[in-house]
Amino acid sequence: MSEYRLAEKPALDALAALGWQVLSPAQALAMREEENRVILKPVLLAALRELNGIGAEDAEAIYNDLSTLSDNEEWQRKLRGGYSRRLSGENRDSPIALIDFKNPDRNVFHVTSQFRVAAQRPRIPDVVLFVNGIPLVVIEAKSPLKGTATAGEAFEQIKQYERDIPRLFYPNAFNLVTDGMATLYGATGAPSQFYAPWPDAWPRHRDEFADDLAKDLWCLCEPARLLDLLAHFIVFETDPETGRKIKKVCRYQQFRAVNKAVERVAAGEHRKGLIWHTQGSGKSLTMVFLALKLKTHLTLDAPSLANPNILVLTDRIDLDDQISKTFVACGLPNPTQCGSVAALREAVNRGGNGQILLSTIFKFAGSKEPIPNSANWIVLVDECHRTQEKDLGAFLQATLPDAHFYGFTGTPIKSTDKDTYARFSVAGEGYLDKYGIDDAVRDGATVPILYEGRKADWAINEAEIDILFDRWFVDLPDDKREDLKRKGLTLATIAKHPERIRLIALDIWEHFKAVCQPDGFKAQIVAVDREAVILYRAALSTVITADLERGGMEAGEAQAKADAMIACVYSKSQEDNKPSENPEIAALRAGLEAHYLDDTAEKDVKKRFKAMGQDPQFLIVCDKLLTGFDAPLEHVMYLDKPLKEHNLLQAIARTNRTCTIRLPDGGEIAKPNGRIVDYIGVTSHLDEALQSYRSEDVENAMRDIAILRNDLKEAHARYRAQKRAMGLEGMDEKSAAYAAAKLAAGGQEDDWFDLQRLTRIFIKVYADLSPDPAILDFTAEVKWASAFLRLATQAIAKDESLDHRSYSAKIREMLETHVHVTGLSTTIRLRSITDPNFVDDFATEGKAEPELQEAFVRKSAELRRTTRELVDKNPAQYGRFSERVLEIIRRFEEGQLAAADGLHEFERLTGDIEAEQGAHAELGMDENAFSILRIVEAIVPDTDHETLQDAAIAIGAIYADAAATQPAFAHMEAYLRSLRQQVRRILTDHGIGETKTIREKVEEFAVHAYGSGA
């Protein structure tokens, strides 16, 4: 009840206050043709007739069309107005409106709760929102008082719904999860890590709302805002490497920035604006959303938006290519990439309306003649601060004197950069919209960047180059030293000292092994120039090869492995293939030729660098890949090049992308931060390197790793305080776990949840800082806390604790070893029902009550997991076993059942499960056919058993053949229809009734059982 009282009911009340009409579950069901349908049919029919002025027959035909539509992107297109149909009595197709975006009041907004959808695995989402009878939003509510109520369980349920009742999600815009206090939203099909809050209620303020739930639901579900989100802020992006479609919904800063700019264009005011959205926060997508709304503007009318031309400019070819691909991948209407000056000029001069052009600003160099009708052009300039160099901004302004100019940047604009502010910013405004470094880290859009200085002896102070040269090159012969001096001492000369590079390469490898390698993350090395790239490559390869050989690898294999781990990315020079009598120069030039990657090879290396488990592990660069290169797996940047201002900010941001690695055991490792390891001394003069910016814009661009050391002390202190408050100090892990279980059962559940949360934070900060020496003082406590947390979760929730799976590999092995050393492994480890040792707990004679209770808790967790997995395979076959497990646990917790008696009941239940699992063999059936038999038996229990068995075998053969001949049959609607017809024929031939219900339930099962390899 607490879920309803604390989360579901407040959500319904808040939605009703926003104008949503609340339907009871019975009222909603009455509007659906059947329980397995999801559209409110009479509502949709009425809306179709009202919005399109059509008759009942046409409305019915449109409803039938939509009922069979099973593609989310196609639904999206039709909802936005891309739907036409031949109406009765007409000889051509007419556009059909499903929603009136410009007049929200002409639509009907309904909300209902406990929306049961019949299927092979029936599911009951908590809250569903309908616009004109079409389900667009699903909300999963969880009680804030439950330990599992945090988003994890809600996400799992959303995933279950999407899998088991997919027809509810065909038209879906997005989903929400809420516990009544915190609310997160995510696109249809999005993994949990891509769900996010919507903290900013722009253009309103937080204090205008009664609570956070009211604010969040207004932001996402207020009818006019929901229509705006649906119309302009959802895209389907095609991953260029996998070809997979990824649905994306805007983040709040994108919604805010786009609407500010569109409102300004619509009002005809100012004609410019400056937008800073920090790197890694989706700036390219912000430009896509802005172009989409300017182009389609479904929710508003304005003369200036009639059919504008949009020009998207970058200052680099690779950025132009990147943004062009983003626009095309997101399906934006008719974007044209102008690869030549002639093509751009011809397109701009052509006039006409509704063009979207993508190009580089260099195409305008020397252009002074204004084009006619430039007022109808809206220019979006990426990295706009760089476009003011070399008069490029002036040429652009001269060519398009009356255009709208919106500048985008991923780094803050320097306080001294008057030209950029003058070109793109309204006087006194600064940024039209700002989403800074701290905003992105706070929201989890990026990870914080930590820096640490290494090898202080080898840091380089440019002011002391002569002194450093004499100190570090003292061993060189006099003629060589003089030769170097004659060429002019530079920082690069010092940086490329062979011994310096050898020692740094050794340090990089040791650091990489401790920080990146255990969890599968990767690293970039930034060298001072192209020659240094080759020198680092050679040194690092030597270090890795030697280490692998010490580990027992054969020399040739070790060398090949080391070479595969490293790739170099740099530009080619005409000097590279010139001969030289100097053997060192000749060797360097040979290396530059040997390791150069052409465009195709570079693309392949970047693709593999971004892929988990593939080489290379290191990218060594000097200039390339320091901007616009997104590789979430990159955790560390080893910096050996002096960078300043936006070059520094852009380079370090390569490490700030969020990344979650899925482990084989089902756990997940989230990248905690990006790390900059500084060998050149940049971070020791950070203020100087960033002095051109306003301090508030860059104060947290990089944070000293010492901050994390303080965080660990603070997290430890809070955890220990709660542990003491609950009286658990001084106990071993097992005693503390069962003491916590008693406290939770006795009404101190909130204290347990606080301890659980603080313990997780303590372990996480410890893992994030590892292998820093500062963790050593806390190692013993972390071992205790980890074992305690896993035991207590089992004892209190009677379920499996997944915490150990989310720990970094850097500490997971240590914690598992501790569990074995302390003798806790048998208590914590959950065995499968097929494990021969599974039956050990059932022997109750001679065991003390604490032992029996421990065994009961372990069996509860094991059987909950086992039956959950079996029910996922076939609810009709195994649902009753899951219910029995929960009932036994309930009776035990309420004192109606002793631990020994509960274990005996679990033993009988285990025997019944094993008998059910082996029943197919006794009947000479395969597992899937037997599961089909169980489905059919439940629907027509009075039919002759042999008849049902024959029919089940025949139906199983049909789907087995489909899986063999058409592996993707589960996604082929026409093919599925033909299979349904074959199943109906078999049922009819065997005299079995209820064919429609059986066909639907069997298909739901078969899609998962036979089509899982699709």
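Reading the values: the criteria
- Residues numbered from 1 in each chain as written.
- Predicted model: local features only at pLDDT ≥ 70, side-chain atom pairs only at ≥ 80, totals over all residues.
- Heavy atoms only, no water.
- Helix = DSSP H or I, 4+ residues; strand = E, 2+ residues; numbered from the N terminus.
- Rg over C-alpha atoms; globule rule 2.2 N^0.38 Å.
- Buried < 20%, exposed > 50% of the residue type's maximum accessible area, 1.4 Å probe, protein only.
- Contact = heavy atoms within 4.5 Å.
- Areas by Shrake-Rupley, 256 points an atom, 1.4 Å probe, with all protein chains shown as cover.
- Lys, Arg positive; Asp, Glu negative; His and termini not counted.
- Charge placed at Lys NZ, Arg CZ, Asp CG, Glu CD.
- Pairing = 2+ DSSP bridges.
- Axes fitted to C-alpha atoms, helices over the stretch in contact; angles between N-to-C directions.
- 1 Å grid on protein atoms, 1.4 Å probe; cavity = no way out; pocket = protein on both sides within 12 Å on 5 of 7 lines; lining within 4 Å.
- Points joined across faces, edges and corners; volume = space filled by probe spheres on them.
- Nonpolar A, V, L, I, M, F, W, Y, C, P; charged D, E, K, R; others polar.
- Parallel < 35°, antiparallel > 145°, perpendicular 65-115°, else oblique.
- Left-handed = near helix turned anticlockwise from the far one by under 90°.
- Polar contact = N/O pair within 3.5 Å; in protein donor to acceptor, adjacent residues only side chain to side chain.
- Phe/Tyr/Trp six-rings, centres within 6.5 Å; stacked < 30°, edge-to-face > 60°.

J.: Describe the overall build of the protein, naming the residues involved and giving the relevant values.
T.: Along the protein, the regular secondary structure elements total 39 helices and 26 strands. The C-alpha atoms of the protein give 32 Å as radius of gyration, which agrees with the globular expectation for 1014 residues (31 Å, within 12%). Looking at the protein as a whole, 53% of its 1014 residues qualify as buried. Within the protein, contacts between residues separated by at least 24 positions form 71% of all contacts whose residues are at least 6 apart in sequence. Split by element, the accessible area of the protein, about 42,900 Å² in all, is 50% carbon and sulfur. The average position of the 126 basic charges and that of the 156 acidic charges among the side chains of the protein differ by 3 Å.

J.: Describe the sheet that holds strand β8 (residues 183–187), naming the residues involved and giving the relevant values.
T.: Strands sit in the order β1-β4-β5-β6-β7-β8 across an open sheet of 6 strands; the sheet is mixed. A single partner strand is all that each edge strand has here, and the edge strands are β1 (21–23) and β8. Neighbour-to-neighbour, the strand axes of the sheet open up by a mean angle of 25°, direction not taken into account. As paired strands, strand β4 (residues 109–113) and strand β5 (residues 127–131) are joined by 5 bridges and run antiparallel to one another. Among the inter-strand pairings, serine 113 is bridged to a residue of β5, identified as valine 127.

J.: How would you sum up empty space enclosed by the protein? Please name residues and give values.
T.: Under the counting rule described, the total for this entry stands at 1 cavity of 30 Å³ or more. The computed volume of the largest cavity comes to approximately 150 Å³. Taken together, 18 residues form the lining of the largest cavity, with Thr278, Ile437, Ile449, Asn656 and Ala701 sitting closest to its centre. Taken together, the elements giving at least two residues each to the lining of the largest cavity come down to α15 (437–443) and α24 (645–652). Of the residues belonging to the lining of the largest cavity, the class tally is 10 nonpolar, 7 polar and 1 charged.

J.: Outline the sheet that holds strand β21 (residues 618–621), listing residues and values.
T.: Here we have 7 strands laid out as an open sheet, ordered β20-β21-β19-β22-β25-β18-β26, and parallel in their pairing. Either end of the sheet is taken by a strand with one partner, and the two such strands are β20 (566–569) and β26 (703–704). Relative to β26, strand β18 (residues 449–453) is paired through 2 bridges, and the arrangement is parallel. Note on β26: the bridge partner recorded for leucine 450 is arginine 703.

J.: Give a description of unusual backbone geometry that names residues and reports values.
T.: Here the residue pair tryptophan 202 and proline 203 is connected by a cis peptide bond, since its omega of 5° sits within 30 degrees of zero. In this fold, proline 203 is placed in the loop between β8 and α7 (212–221). One non-glycine residue, glutamine 114, adopts positive backbone phi at about 50°. Along the chain, glutamine 114 turns up in the loop between β4 and β5. A positive phi angle, close to 65°, is found at histidine 270, a residue other than glycine. Among the secondary structure elements, histidine 270 is positioned in the loop between α9 (252–267) and β11 (272–277).

J.: Residues and numbers for the pairing of β20, please.
T.: The two faces of β20 match: Ile566 and Cys568 on one face and Ala567 and Val569 on the other face are all buried. Bridging between β20 and β21 involves 4 bridges; their strand directions are parallel. Bridging across to β21, isoleucine 566 finds its partner in phenylalanine 618.

J.: Can you tell me about the pairing of β8, naming the residues and giving the values?
T.: Judged by how many residues are buried, β8 sits mostly within the fold: 4 of 5 residues are covered. With 5 bridges joining them, strand β7 (residues 174–178) and β8 adopt antiparallel strand pairing. Considered in β8, the bridge of phenylalanine 174 is made with alanine 187. Linking β7 back to β8 in an antiparallel pair, the connection comprises 4 residues, with glycine 180 at a positive phi of about 90°.

J.: Now, about the packing of helix α33 (residues 849–873) against helix α34 (residues 875–893): what can you tell me, with residues and values included?
T.: At their nearest, the axes of α33 and α34 sit 8 Å apart, and the two run at 160° to each other. Comparing their axes, α34 and α33 come out roughly antiparallel. Judged by the sense of rotation from one axis to the other, the crossing of α33 with α34 is left-handed. Listed contacts from α34 to Phe856, Ser860, Leu863, Arg864, Thr867, Leu870, Val871 and Lys873 of α33 are Pro875, Tyr878, Gly879, Phe881, Ser882, Val885, Leu886, Ile888, Ile889 and Phe892. Of the residues in the contact of α33 with α34, the class split is 12 nonpolar, 4 polar and 2 charged.

J.: Please give an account of the side chain of aspartate 640 that cites residues and values.
T.: Its location among the elements puts aspartate 640 in the loop between β22 (634–639) and α24. Within polar-contact distance, the side chain of aspartate 640 engages the side chain of arginine 500 at 2.6 Å. Not counting the four nearest positions on each side in its chain, aspartate 640 is found in contact with Ala495, Arg500, Ile504, Val526, Ala527, Val528, Tyr536, Tyr679 and Ile680.

J.: How would you sum up the packing of aromatic side chains? Please name residues and give values.
T.: Inspection of every chain in the model, using the stated rule, returns 24 aromatic pairs. Consider the rings of phenylalanine 174 and tyrosine 185, whose centres lie 6.3 Å apart with planes at 75°: the pair is edge-to-face. With phenylalanine 174 in strand β7 and tyrosine 185 in strand β8, this pair connects stretches of sequence that are 11 residues apart. Since its relative accessible area comes to 1%, phenylalanine 174 is described here as buried.

J.: Could you give me a rundown of the packing of helix α20 (residues 530–550) against helix α21 (residues 555–564), with the residues and numbers involved?
T.: Between α20 and α21, the shortest axis-to-axis distance is 8 Å and the interhelical angle comes to 135°. Regarding the angle of α20 to α21, the classification is oblique. Crossing of α20 over α21 shows right-handed handedness. Seen from α20, the contacting residues are Arg537, Ser541, Ile544, Thr545, Leu548 and Glu549; seen from α21, they are Ala555, Ala558, Gln559, Lys561, Ala562 and Asp563. Residues that form the contact of α20 with α21 fall into these classes: 5 nonpolar, 3 polar and 4 charged.

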